[in-house]
Amino acid sequence: MARGKKAAKALTLEEKLEQALVPEEEQPYVIPENWCWTSVEKVSIVVTGGTPSKKNPEYYGDEFPFFKPSDLDAGRHVFKASEYLSKQGKNVARIIPQNSTAVCCIGSIGKCGYLEIEGTTNQQINSAIPKFNSLYLFYFMNSDIFIKQLWSKSSATTISIVNKTKMESCYFPLAPLLEQQRIVTRIENLFTKLDEAKEKAQSVIDGFELRKSAILHKAFTGELTEQWRKEHGMGVDSWKRLSIASICSSLKYGTAKKSEKSGSVVVIRMGNLQDGEIDWSDLVYSNDKNDIEKYHLDIGDVLFNRTNSAALVGKTSIYRGEYPAIYAGYLIKLDYNHDIIIGDFLNYALNTNNAKEYCNSVKTDGVNQSNINAKKIGAYILSVPTIEEQKQIVYILDNLLASEHQAKQAAESVLAQIDTMKKAILARAFRGELGTNNPSDENAIELLKKVLAEKN
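Keep in mind it's a predicted model, so treat the numbers as computed, not measured.

### A few points about helix 7 (residues 177–206)
Here's step 1: Taking 1.5 Å per residue, 30 residues should reach 44 Å; helix 7 reaches 42 Å between its end C-alpha atoms and fits that length.
Here's step 2: In this structure, the buried side of helix 7 is in contact with helix 4 (134–141), strand 11 (171–174), helix 8 (208–220), helix 15 (387–429) and helix 16 (444–453).

Next comes the structure, spelled out in structure tokens:
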């Protein structure tokens, strides 16, 4: 220090407290009387991660966890890292103790993870090392209250960033120590019940395709209509093995002309074929009279996706006439004989696992795309019952799959509600509205005083 320059006067505890408390006019909302508003800087030590030099390969490849933003997806239980450091790497890294909260502050701002083990992080993460209840800090940093503050403080050129200082300045509702634990216990009890419901809903969603495949298999092996055939004095020998080419008068490619953003007729593209139906949410159009006449669609026409990614090539949908439409060149219209097969039966048949396996076996793979030409799809053979039994199969499938879709949609709705409910629980928790607050607890200001009196 230069001679003659006076040393800065040390602040008293009361002065530190005054600086640590958020002025009443700046407080985001009202909290219980024995709580107080302060900042993240006062309740934790915030450190920014860094990446040990890649020029030193000896820093990498051992047992010390090096966490990155994608590792924070584990949320409450972060204990696995996508990369690990050696002892040498650990020596040059910034050590983050276990029970810290890691917050992504570049890009996916606000994504949080609770570090159950000691580790380090890259520079996209700011970690908050708690000065008291670590889970109270973690759950607050998962709340919209905190995340909205982060976003409001972010700056961006090509990517959003919140630096250490700005994260430290975020307001924090400090509850008495005993109340913090009660809040954590209540949150975790409620979240456990919600997670159980989420797991059940997810199992319904995950099992949808499997159940759908099983139903279709039963339909196209004759199992679904076995009783119907008995009642009508028929056997499964009434089914015929026919190729697509034999039941279609033509397999016609669509228009190759460029579509427009507006026009008189919709041009159905491969992206519009979804789950056997036409998705009308992303449309392009045509005003070309020749194309409209040549490629027009009639109700019941079946469209086959001949070019797409390896996973999606071969998907099939039926046109039901919702809008006047033609179809694009990556699709094939199957002009089937209505006296042999009905459109819904053909559509269902081409969405079975058997059909998908056939398409996978005959597709030609190119750069980023696979192709199945008309000749190959024409060679596909399927079992075709009488028109009357086809109608019965379609009727049964429509009802069974409608029930499955409803169950899936209900499960998806539950998942969305669970996420909303968790956010609501966190919002109430940090307003003191979970019914756990005890007015006789020591005021949180006393806890803040103790923290301020201690050296960091």
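### Examining the packing of helix 1 (residues 13–20) against helix 16
Here's step 1: The N-to-C vectors of helix 1 and helix 16 enclose an angle of 115 degrees; their axes lie 10 Å apart at closest approach. As for how helix 1 packs across helix 16, the hand of that crossing is right-handed. Residues Leu13, Glu14, Lys16, Leu17 and Ala20 of helix 1 pack against Ile445, Leu448, Lys449, Leu452 and Ala453 of helix 16.

### Looking at the environment of Glu388
Here's step 1: You can see Glu388 is positioned in helix 15.
Here's step 2: Judged by relative accessible area, which is 51%, Glu388 ranks as exposed.
Here's step 3: It is 25 Å that separates the C-alpha atoms of Glu388 and Ile377, two residues lying 11 residues apart in sequence.

### So, the sheet that holds strand 19 (residues 307–308)
Here's step 1: Reading across the sheet, the three strands line up as 19-24-23 and stay open at both edges, with antiparallel pairing between neighbours. On the outer flanks of this sheet lie strand 19 and strand 23 (364–365), each paired with one strand and no other.
Here's step 2: Bridging between strand 19 and strand 24 (residues 370–371) involves two bridges; their strand directions are antiparallel. Of the residues in strand 24, the one forming a bridge with Asn308 is Ser370.

### Some details on the side chain of Glu179
Here's step 1: Tracing the sequence through the fold places Glu179 in helix 7.
Here's step 2: On the accessibility criterion, Glu179 (1% relative accessible area) is buried.
Here's step 3: A distance of 2.7 Å separates a polar atom in the side chain of Glu179 from a polar atom in the side chain of Thr436.
Here's step 4: Once residues lying within four places of it in the same chain are set aside, the contact partners of Glu179 are Trp35, Thr436, Asn437, Asn438 and Asp441.

### Notes on helix 13 (residues 353–362)
Because the α-helix completes a turn every 3.6 residues, residues three or four places apart line up on one side.
Here's step 1: Here helix 13 has its buried residues at Ala355, Tyr358, Cys359 and Val362. Taken down its axis, helix 13 places every buried residue within 100 degrees of arc, on the same side. Seen from the open side of helix 13, the exposed residues pointing more than 90 degrees away from its buried face are Glu357 and Ser361.

### Considering the pattern of salt bridges
Here's step 1: Inspection of every chain in the model, using the stated rule, returns 24 salt bridges.
Here's step 2: The closest approach of N and O atoms between Glu446 and Lys449, which form a salt bridge, is 3.6 Å. Of this pair, Glu446 and Lys449 both sit in helix 16, three residues apart, which is roughly one turn of the helix.
Here's step 3: For Glu446, a relative accessible area of 30% corresponds to the partly exposed category.

### Overview of the environment of Asn308
Here's step 1: By the element assignment, Asn308 lies in strand 19.
Here's step 2: Judged by relative accessible area, which is 9%, Asn308 ranks as buried.
Here's step 3: In this structure, the C-alpha to C-alpha distance between Asn308 and Asp365, residues 57 residues apart in sequence, is 9.8 Å.
Here's step 4: Among all residues touching Asn308, those that are not within four sequence positions of it are Met270, Val313, Lys315, Gln369 and Ser370.
Here's step 5: Looking at Asn308, its side chain comes within polar contact range of the side chain of Asn305, at 2.7 Å.

### Thoughts on the packing of aromatic side chains
Here's step 1: Within this structure, the stated rule accounts for 15 aromatic pairs.
Here's step 2: When the centroid spacing of 5.0 Å and the interplanar angle of 40 degrees are considered together, the rings of Tyr358 and Tyr380 count as tilted. Linking Tyr358 in helix 13 with Tyr380 in the loop between helix 14 (374–378) and strand 25 (381–384), this pair joins segments that are 22 residues apart in sequence. The same class applies to Tyr358 as to Tyr380, namely buried.
Here's step 3: One aromatic cluster in this structure is built from Tyr136, Phe140, Phe146, Phe172 and Phe430.
Here's step 4: The aromatic ring of Phe191 is capped on one face by Lys422, whose charged end is 4.9 Å from the ring centroid.
Here's step 5: Note that Arg431 overlies the ring of Tyr29, its terminal NZ or CZ placed 4.1 Å from the centroid.

Basis of the calculations
- Residues numbered from 1 in each chain as written.
- Predicted model: local features only at pLDDT ≥ 70, side-chain atom pairs only at ≥ 80, totals over all residues.
- Heavy atoms only, no water.
- Helix = DSSP H or I, 4+ residues; strand = E, 2+ residues; numbered from the N terminus.
- Expected span 1.5 Å × (residues − 1).
- Contact = heavy atoms within 4.5 Å.
- Axes fitted to C-alpha atoms, helices over the stretch in contact; angles between N-to-C directions.
- Left-handed = near helix turned anticlockwise from the far one by under 90°.
- Buried < 20%, exposed > 50% of the residue type's maximum accessible area, 1.4 Å probe, protein only.
- Pairing = 2+ DSSP bridges.
- Polar contact = N/O pair within 3.5 Å; in protein donor to acceptor, adjacent residues only side chain to side chain.
- Arc of directions from axis to C-beta.
- Salt bridge = Lys/Arg side-chain N within 4 Å of Asp/Glu carboxyl O.
- Phe/Tyr/Trp six-rings, centres within 6.5 Å; stacked < 30°, edge-to-face > 60°.
- Lys NZ or Arg CZ within 6 Å of the ring centre and 35° of its normal.

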